[in-house]
Amino acid sequence: MLALANARVLADEGFVDDRVVLVDGARIVALTTARDPRCAGATRRDLGGASLLPGFIDCQVNGGGGVLFNDDPSVDSIRRIGAAHRRFGTTGFLPTLISDDLSVIASAIDAVRHAIDERVPGVIGVHIEGPFINALRKGAHDPAKFRDLDGEGVALLSSLGIGRTLVTLAPELTTPATIRMLVSAGVVVSAGHTNGTFDEVRDAFLHGVRGVTHLFNAMSPLTHREPGAVGAALHDPDCWCGLIVDGRHVHPAALRIALRCKRPDRFMLVTDAMPSVGSPHQSFLLQGRRIEVKDGVCVDENGTLAGSAIDMASAVRNCVDLLGLPLEQAVRMASTYPAEFLGLGAELGRIAPGYRANLVLVDEGINVVETWIEGGAA
């Protein structure tokens with residue numbers, strides 16, 4: 001048994017300074033005090049007063065460590081991407097495939113299935129972002145890959161069989177019946193790259209769409225006569241909103257306004273990270289197009305944003321520095337809330353007995369010192 005001691009622990013009630021986290025194998029068995037008799041027989045780790053947090057969970061990871069998932073949807077790619085992001089506190093992630101052919105989607109789902117079977121650290125499912133999206137809000141996606149969501153597509157998107165599948169689609173381009181089919185098969189459906197009206201997106205929420213992918217980006221905006229997808233997301237009390245907090249994708253003031261619109265546990269951080277995260281290389285190819293990291297963001301030759309160059313620890317730090325959020329709220333947006341969004345809130349995203357021992361230790365500057373995935377340190 002491992003006893004993690006002398007840390008500022010983010011417990012359910014907030015940060016506490018006098019607790020010991022007892023870990024047995026892959027699970028947390030107790031959040032207790034040093035007087036607990038079980039501590040006597042445990043291996044004690046003094047964490048030097050640093051902050052011990054639930055491990056970060058990222059629902060949108062296109063790449064990292066020089067690897068783009070679309071280029072090589074394989075177990076090895078997933079392992080390398082996970083290792084790159086683990087350095088920044090991410091202990092659970094969805095390898096994310098942007099719009100591509102059905103054959104590539106099938107390879108990606110197969111790779112994730114094998115990665116979970118092989119217990120590749122951190123992988124908890126897959127995110128298929130497109131190709132069932134709107135060309136009017138394509139962002140950096142290749143419109144040549146776009147297609148209608150038919151029975152073949154529904155069957156493929158429902159085929160993982162283990163872990164979680166997140167699908168981003170434009171709800172105005174499909175039907176309520178199709179959305180219900182995906183949801184009934186266990187798929188988490190998110191609206192994104194959508195030009196849907198307020199009514200269309202609101203109706204999609206009623207039929208099972210659970211959230212929106214990178215709020216504000218690549219979706220119909222909130223205007224005074226047509227509130228669009230942004231307005232629908234902020235109006236609906238239960239819709240989950242993914243946020244890219246790099247200071248460039250969305251103006252900090254817009255994010256602060258959004259956070260005032262609904263309860264805090266419906267916002268979660270995503271990175272939308274590209275291969276440059278955790279890599280010295282600051283350019284890469286995306287489906288034949290050269291993408292460069294300029295001023296901290298990934299852009300194509302036309303200056304269009306193409307994913308991000310941010311890691312999850314930096315996103316948490318930006319929530320504190322740019323948005324003025326308390327550290328506790330920022331951390332929960334990176335851990336507890338994405339776990340709940342994925343339906344994994346009973347085993348991930350908290351430091352509590354029975355939960356997986358996925359943890360991150362950070363210093364006062366929110367720099368990652370150490371991580372644990374199911375009790376294993378790195």
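All of these numbers come straight from a predicted model, not from anything done at the bench. (Residues numbered from 1 in each chain as written. Predicted model: local features only at pLDDT ≥ 70, side-chain atom pairs only at ≥ 80, totals over all residues. Heavy atoms only, no water.)

Draft legend 1. View of the sheet that holds strand S19 (residues 289–294). The strand order across the open sheet built from four strands is S18-S19-S20-S21, with neighbouring strands paired in antiparallel fashion. Each edge of the sheet is formed by a strand with only one pairing partner; in this case those strands are strand S18 (283–286) and strand S21 (305–308). The mean inter-strand angle of the sheet, taken between neighbouring strand axes irrespective of direction, is 30 degrees. Pairing analysis gives three bridges linking S19 to strand S20 (residues 297–299), with the strands arranged antiparallel. Residue Glu292 lies in a different strand from S20, and its bridge partner there is Val299. (Pairing = 2+ DSSP bridges. Helix = DSSP H or I, 4+ residues; strand = E, 2+ residues; numbered from the N terminus. Axes fitted to C-alpha atoms, helices over the stretch in contact; angles between N-to-C directions.)

Draft legend 2. Fine view of the side chain of Arg332. In this structure, Arg332 sits in helix H9 (residues 327–333). The contact partners of Arg332, leaving out residues within four places of it in the chain, are Leu10, Ala11, Asp12, Gly14, Tyr337 and Pro338. (Contact = heavy atoms within 4.5 Å.)

Draft legend 3. Structural context of the pairing of strand S4 (residues 20–24). Among the five residues in S4, four count as buried, and that is most of the element. Bridging between strand S1 (residues 2–5) and S4 involves three bridges; their strand directions are antiparallel. Its bridge partner lying in S4, Leu4 is registered against Val21. Examined bridge by bridge, S4 and strand S5 (residues 27–32) share five bridges and lie antiparallel to one another. Residue pairing in the sheet places Leu22 in a bridge with Ala30 of S5. (Buried < 20%, exposed > 50% of the residue type's maximum accessible area, 1.4 Å probe, protein only.)

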